[in-house]
Amino acid sequence: SMRLSNSFLEFNLITPCPRNREFEAVNELEQILFDLGDEKAKAWESEVRGLILAYTNFEPFEAIEKIRKYIKEGPWRVRVLKRIIPIEFVVETDLEIISKLCREKISNRISPSETFRITLEKRHTDLSSREIIDAAAKQINAKVDLENPQKIILIEVVGNATGISLLKSEDQILNVTKELLREG
């Protein structure tokens, strides 16, 4: 079988960082997770420059909350990480598979009375945004609201791996810069 790229190792956090500082970002994220008590956490460079992947044994949303608190208590501990994105499911970057995942794992978590939006970030793929968004959206029986949705389906394409999460709010993505500004 075709060896999938290093993006495809199981991951549940995605972290953009400045280009050429991936190595530092990997060390920083591993150190933070280690400090928080996850001694087996692993971070690594993806095939995309300026993007690292990680696997934590914490539930991903819980990891975000722990890191948020950690940053508030010691802003100096974070030098290169910009955003930390929680990922619930990782599948192959394939429209059928993305569609199936949304039908089986996401659709039952959005009630028909709720509104939703899809947020897509894609890197290293020939699929169009339109195709990916349609594949996901057609599985959801609820109204779209781009401005103030009650749920956000986050789709993060990293080459041949796609991470998907269902967020209750944008705040479930940790924006390090924003957190540091809140201090003031």
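This one's a predicted model, so the numbers in the text were calculated from it and none came from an experiment.

A. Broad picture of helix 1 (residues 22-35). Here helix 1 is 14 residues long and its end C-alpha atoms lie 20 Å apart, about the 20 Å a rise of 1.5 Å per residue gives. Regarding helix 1, the residues found buried are Glu22, Ala25, Val26, Glu28, Leu29, Ile32 and Leu33. The arc that holds every buried residue of helix 1, seen down its axis, measures 165 degrees, which confines them to one face. Residues of helix 1 that are buried make contact with strand 1 (13-16), strand 2 (42-45), strand 3 (51-55), helix 2 (60-73) and strand 4 (83-86).

B. Inspection of the pairing of strand 2 at higher detail. One ladder, built from four bridges, connects strand 2 with strand 3; its direction is antiparallel. Across the sheet, residue tryptophan 44 finds its bridge partner in strand 3, namely leucine 53. What sits between the antiparallel neighbours strand 2 and strand 3 is a turn of five residues, in which glycine 50 has the positive phi angle 75 degrees.

C. Representation of the sheet that holds strand 1 within the structure. What the five strands build is an open sheet, ordered 2-3-1-4-10; its pairing is antiparallel. Of all the strands in the sheet, just strand 2 and strand 10 (174-175) have a single pairing partner and so form its edges. Most of the contacts of helix 1 go to strand 2, to which it runs at about 170 degrees, and overall it touches strand 1, strand 2, strand 3 and strand 4. Across the sheet, helix 2 lies against strand 1, strand 4 and strand 10, angled at about 155 degrees from strand 4, the strand it touches most.

D. Local environment of the packing of aromatic side chains. The tally for this structure, following the rule as stated, stands at zero aromatic pairs. Lysine 66 extends its terminal NZ or CZ atom over the ring of phenylalanine 58, reaching a point 4.9 Å from the ring centre. Over the face of the ring belonging to tyrosine 70 we find arginine 77, whose NZ or CZ atom lies 4.1 Å from the ring centre.

E. The arrangement of the nonpolar core in detail. Judged by nonpolar contacts, the single largest core of 23 residues is most densely connected at Leu29, Leu33, Ile52, Ile67, Leu81 and Ile84. Contributions of two or more residues to this core are made by helix 1, strand 3 and helix 2. Discounting chain neighbours no more than four positions away, the residues touching isoleucine 52 are Leu13, Ile14, Thr15, Cys17, Glu22, Ala25, Val26, Leu29, Trp44, Glu45, Ser46 and Leu81. Counting 19 residues, the second largest nonpolar core, distinct from the first, contains Ile110, Phe116, Ile155 and Leu166.

F. The arrangement of unusual backbone geometry in detail. Even without being glycine, asparagine 20 reaches a positive phi, approximately 70 degrees. Along the chain, asparagine 20 turns up in the loop between strand 1 and helix 1. By relative accessible area, asparagine 20 is classed as exposed at 62%. Here histidine 124, not a glycine, exhibits a phi torsion of approximately 55 degrees, which is positive. As for its position among the elements, histidine 124 is in the loop between strand 6 (115-123) and helix 4 (129-137).

What counts, and at which threshold
Residues numbered from 1 in each chain as written. Predicted model: local features only at pLDDT ≥ 70, side-chain atom pairs only at ≥ 80, totals over all residues. Heavy atoms only, no water. Helix = DSSP H or I, 4+ residues; strand = E, 2+ residues; numbered from the N terminus. Expected span 1.5 Å × (residues − 1). Buried < 20%, exposed > 50% of the residue type's maximum accessible area, 1.4 Å probe, protein only. Arc of directions from axis to C-beta. Contact = heavy atoms within 4.5 Å. Pairing = 2+ DSSP bridges. Axes fitted to C-alpha atoms, helices over the stretch in contact; angles between N-to-C directions. Phe/Tyr/Trp six-rings, centres within 6.5 Å; stacked < 30°, edge-to-face > 60°. Lys NZ or Arg CZ within 6 Å of the ring centre and 35° of its normal. Core = buried A, V, L, I, M, F, W, Y, C linked by side-chain atoms within 4.5 Å.

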